[in-house]
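Here is what each chain is made of, one letter per residue.
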Amino acid sequence: MRPITTSVFELFKIGPGPSSSHTIGPMLAAREFVDQAGQLPPAVLDQVRAVEVRLFGSLAATGRGHGTVRAVLAGLLGHRPESCPPDILDSMAGFEAGTVRLGGRDVPISEATVVFDLFDLPDRHPNTIRFSLKGESGDILLEREAYSVGGGFIEWKDDVPAERPAPAHPFSTMAELLDVIDSTGLSLPEVMLDNEAALTGLTRQEIGAKLEHVMRVMEDSVERGLEAEGPLPGPLGLHRKAHALFERYRQDPQMQDRPILALCACAFAAAEENASGHTIVTAPTAGASGVLPAVLYVTKNLRPTAGVFRKVLREALLASAVVGMLAKHNASVSGAEVGCQGEVGVASAMAAAFLAQVYGHPAWVIENAAETALEHHLGLTCDPVQGYVQIPCIERNAMGAVKAFAAYQIAAAEVPGHHMVGLDQAMKAMAETGRDMCAKYRETAQGGLAAIVRC
Ligand code: SF4
């Protein structure tokens, strides 16, 4: 099998919520399409009169609730996910008219530029976007199809991905990674650092600085969410809960279950920020962007271990990243492909690996912690009510964070060799379960809670 060549910072993407495959991916694709269009000969660009963006499959089914229109429009206007201010996205609600500059011409765009096509089923991927440039009589001057494959990653139809540098220590499965660790004597974070340097050309110092930035953005999302109150955007009328949960935590120092309450408050906080379309880090996706930040925040600031060295936290982030990469490489992190097991399930596994690394456990415990967390999310469907990443998503992030702690505790107490299921096996089971899952449970808002709960 080909080795993993994903960078840690492709997995941990910074961008606007509420959905990596429905906002971050489409925004990136729209921005790239404008760049591709800009390469057309001037004679062709002169004929362009309109841009059309057609959404298919899950993007058509839940794109409204997931904020896909405003993300696509922002991308067409030249914004990138990591630098697009949230207020630009807010200003896109009800966007009536603007222009995108192509060659020397201003081409009009508006909300009507983005078409929801619920009738034509995508044949290549459930999250398909077709971009077209049209001339005076509607003739097609350029057409490109992109697939938002989860976690904000984009693939273009007919594009052969550019050859990537080889990792220093190639592996494609957890079993192979354990072999690398055995044969080199390196720790898991050291393997990841060597690979990241080989893949990106960054120095260890630069990688460390970028990991610090990722952690800062995660913590910011928690802190903003703990402060904010009031209803979330959208028609559900769902009220934020993180602030109230955290107040209970603060006001009752004697409460026995305080750590669980803190964890829930922090997961709600980041997930509510995501639901508001504010800046988050995909871990591995935007919908699941409350799990790892909650575990990080509680570990760093609210547990007796608070004050843990930053280097330890950076290494733990690398341990969590490897779990997300393995899931993306060998299964999927897209709710539209495998349901929520690939989003909150993988996030929980990443967070369990984070904890095992923070507390200094060897790689086999890290694997077992991740496996246990993932195993108990297998079969989890994606059924966001009215297509909004709110119900069940926000509470589910809290559950993923709590399960990550439980999985870590179970793994840390195990006798070596007694754990019966490998992480590679759990990921294979997730991929097969996702393939067998009826389409209405894969981010279409047509099954489960979405079909039953009417807000
Ligand atoms: S149910 Fe899970 S996979 Fe589906 S939108 Fe919500 S968080 Fe994402």
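Counting starts from 1 at the beginning of each chain's written sequence and moves along it residue by residue. Whole-chain, interface and lining totals are the exception, using all residues; otherwise, since this is a predicted model, local features are given only for residues with pLDDT of at least 70 and side-chain atom pairs are given and counted only at 80 or more. Think of the side-chain values as coming from all heavy atoms in the structure, minus any hydrogens and water.

1. Notes on the domain arrangement of the protein chain
Per the annotation, domain bounds derive from an automatic or database assignment of domains. When cut into domains, the protein chain gives domain 1 (16-156) and domain 2 (174-452). Any two residues whose heavy atoms approach within 4.5 Å are treated as being in contact. The interface of domain 1 with domain 2 comprises 24 residues on the first partner and 27 residues on the second. Summed over both partners, the interface of domain 1 with domain 2 buries about 1700 Å², with 56% contributed by carbon and sulfur atoms. Salt bridge, as used here: a side-chain nitrogen of Lys or Arg that lies within 4 Å of a carboxyl oxygen of Asp or Glu. The tally of links from domain 1 across to domain 2 stands at zero salt bridges. Only DSSP runs of H or I with at least four residues qualify as helices, and only runs of E with at least two residues qualify as strands; both kinds are numbered from the N terminus onward. If one sorts the elements of the side of domain 1 that touches domain 2 by residue count, helix 4 (residues 58-66) sits on top with six residues. When the residues that make up the side of domain 1 that touches domain 2 are grouped by side-chain class, the tally is nine nonpolar, 13 polar and two charged. Buried area is a sum: the accessible area each of two parts loses on coming together, probed at 1.4 Å, counted once for each and added. Following the grouping adopted for this structure description, the nonpolar residues are Ala, Val, Leu, Ile, Met, Phe, Trp, Tyr, Cys and Pro, the charged ones are Asp, Glu, Lys and Arg, and the polar ones are all others, Gly among them.

2. Describing empty space enclosed by the protein
Only protein atoms enter the calculation, which uses a 1 Å grid: trapped sets of points that fit a 1.4 Å probe without letting it out are cavities, open sets showing protein on both sides within 12 Å along at least five of seven lines are pockets, and any residue with an atom within 4 Å of a point is a lining residue. Grid points are joined across faces, edges and corners, and a volume is the space filled by probe spheres set on the points. Considering all chains together, one arrives at two cavities of 30 Å³ or more under this definition. Contributing to the lining of the largest cavity are 19 residues, with Gly-287, Glu-343, Cys-382, Val-389 and Cys-393 lying nearest its centre. Tallying contributions element by element places helix 17 (residues 393-412) first for the lining of the largest cavity, with three residues. Taken domain by domain, the lining of the largest cavity gets at least three of its residues from each of domain 1 (16-156) and domain 2 (174-452). In this model, the second largest cavity occupies a volume close to 60 Å³. Among the residues making up the lining of the second largest cavity, the classes are represented as seven nonpolar, two polar and one charged.

3. A word on the pairing of strand 6 (residues 127-134)
Counting buried residues in strand 6 gives six out of eight residues, a clear majority hidden from the surface. Pairing between two strands is assigned when DSSP locates at least 2 bridges connecting them. Pairing between strand 2 (residues 50-57) and strand 6: eight bridges, direction antiparallel. Bridge pairing links Gly-57 to Asn-127 in strand 6. Here the term buried applies to any residue with accessible area under 20% of the maximum for its type, exposed to any over 50%, and partly exposed to those in between, with areas from a 1.4 Å probe on protein chains only.

4. Side note on the site of the ligand
Consider each residue's heavy atoms; a residue with any of them within 4 Å of a molecule or strand counts as near. Taken together, Gly-287, Cys-340, Glu-343, Cys-382, Asp-383, Cys-393 and Arg-396 make up the full set of residues near the ligand. The way we define it, a molecule is inside a pocket or cavity when more than half of its atoms are within 2 Å of that pocket's grid points. Structurally, the ligand is housed in the largest cavity. Residue classes in the shell around the ligand are distributed as three nonpolar, one polar and three charged.

5. With respect to the layout of surface pockets
Reported here for the second largest pocket is a volume of approximately 440 Å³. Forming the walls of the second largest pocket are 23 residues, and the residues nearest its centre are Arg-64, Gly-67, Arg-70, Ala-93 and Tyr-388. Residues of the lining of the second largest pocket, tallied by class, amount to 10 nonpolar, nine polar and four charged. Shared between two domains, the lining of the second largest pocket holds at least three residues of each, these being domain 1 (16-156) and domain 2 (174-452).

6. Concerning the sheet that holds strand 6
Taken together, the five strands give an open sheet; going across it, the order is 5-2-6-7-8, and neighbouring strands pair in mixed fashion. Lying at the two open borders of the sheet, with one neighbouring strand each, are strand 5 (114-117) and strand 8 (153-156). On average, adjacent strands in this sheet sit at an angle of 25 degrees to one another, irrespective of strand direction. Sheet analysis places strand 6 next to strand 7 (residues 140-150), joined by seven bridges and oriented antiparallel. Each bridged residue has a counterpart across the sheet, and for Arg-130 the counterpart in strand 7 is Glu-145. To get an axis, a line is fitted to the C-alpha atoms, and for a helix only the part in contact is used. The angle between two axes follows their N-to-C directions and goes from 0 to 180 degrees.

7. Quick word on the side chain of His-125
Along the chain, His-125 turns up in the loop between strand 5 and strand 6. The term polar contact refers here to a pair of N or O atoms within 3.5 Å; inside protein, the definition further demands a hydrogen-donor-capable atom paired with an acceptor-capable atom, and it admits residues adjacent in sequence only when both atoms are side-chain atoms. A polar contact is formed between the side chain of His-125 and the backbone nitrogen of Asn-127, at a distance of 2.9 Å. Here the side chain of His-125 touches Glu-337 through a polar contact of 2.5 Å, side chain to side chain.

8. So, the packing of helix 8 (residues 188-200) against helix 13 (residues 310-330)
Contact geometry for helix 8 and helix 13: axes closest at 9 Å, N-to-C directions at 75 degrees. Classified by the angle their axes make, helix 8 and helix 13 are roughly perpendicular. On helix 13, the residues that touch Leu-188, Pro-189, Met-192 and Leu-193 of helix 8 are Glu-315, Leu-318, Ala-319, Ala-321, Val-322 and Met-325. Looking at the contact of helix 8 with helix 13 residue by residue, the classes come out as nine nonpolar, no polar and one charged. By the definition adopted for this analysis, an angle is roughly parallel if under 35 degrees, roughly antiparallel if over 145, roughly perpendicular if from 65 to 115, and oblique otherwise.

9. A few points about the packing of aromatic side chains
For Phe, Tyr and Trp, rings pair up if their centres lie within 6.5 Å, where Trp contributes its six-membered ring, and each pair is then called stacked (planes under 30 degrees apart), edge-to-face (over 60) or tilted (otherwise). Applying the stated rule across the entire model yields four aromatic pairs. Note on Phe-33 and Phe-131: the rings are 4.9 Å apart at their centroids and 15 degrees apart in plane angle, and the pair reads as stacked. Taken together, the residues span a long stretch of sequence, with Phe-33 in helix 2 (residues 20-38) and Phe-131 in strand 6 at a distance of 98 residues. The exposure classification of Phe-33 matches that of Phe-131, with both residues buried. Each ring, one from Phe-131 and one from Trp-156, has its centre 5.8 Å from the other, and the planes form 40 degrees; the classification is tilted. Here Phe-131 is found in strand 6, whereas its partner Trp-156 is found in strand 8, with 25 residues between them in sequence. You'll find Phe-131 and Trp-156 in the same group, each marked buried. Through successive ring pairs, a cluster of aromatic residues spans Phe-33, Phe-131 and Trp-156. Lying across the ring of Tyr-249, Arg-258 places its NZ or CZ 3.9 Å from the centre. In this analysis the charged atom, NZ for Lys or CZ for Arg, is taken to sit over a ring once it is within 6 Å of the ring centre and within 35 degrees of the ring normal.

10. With respect to the pairing of strand 3 (residues 98-102)
In this sheet, strand 4 (residues 105-109) lies alongside strand 3 in antiparallel orientation, the contact comprising five bridges. When the bridges of strand 4 are listed, Gly-98 appears paired with Ile-109. If you look at the hairpin formed by strand 3 and strand 4, you'll find two residues sitting between the two strands, and Gly-103 has a positive phi there, around 60 degrees.

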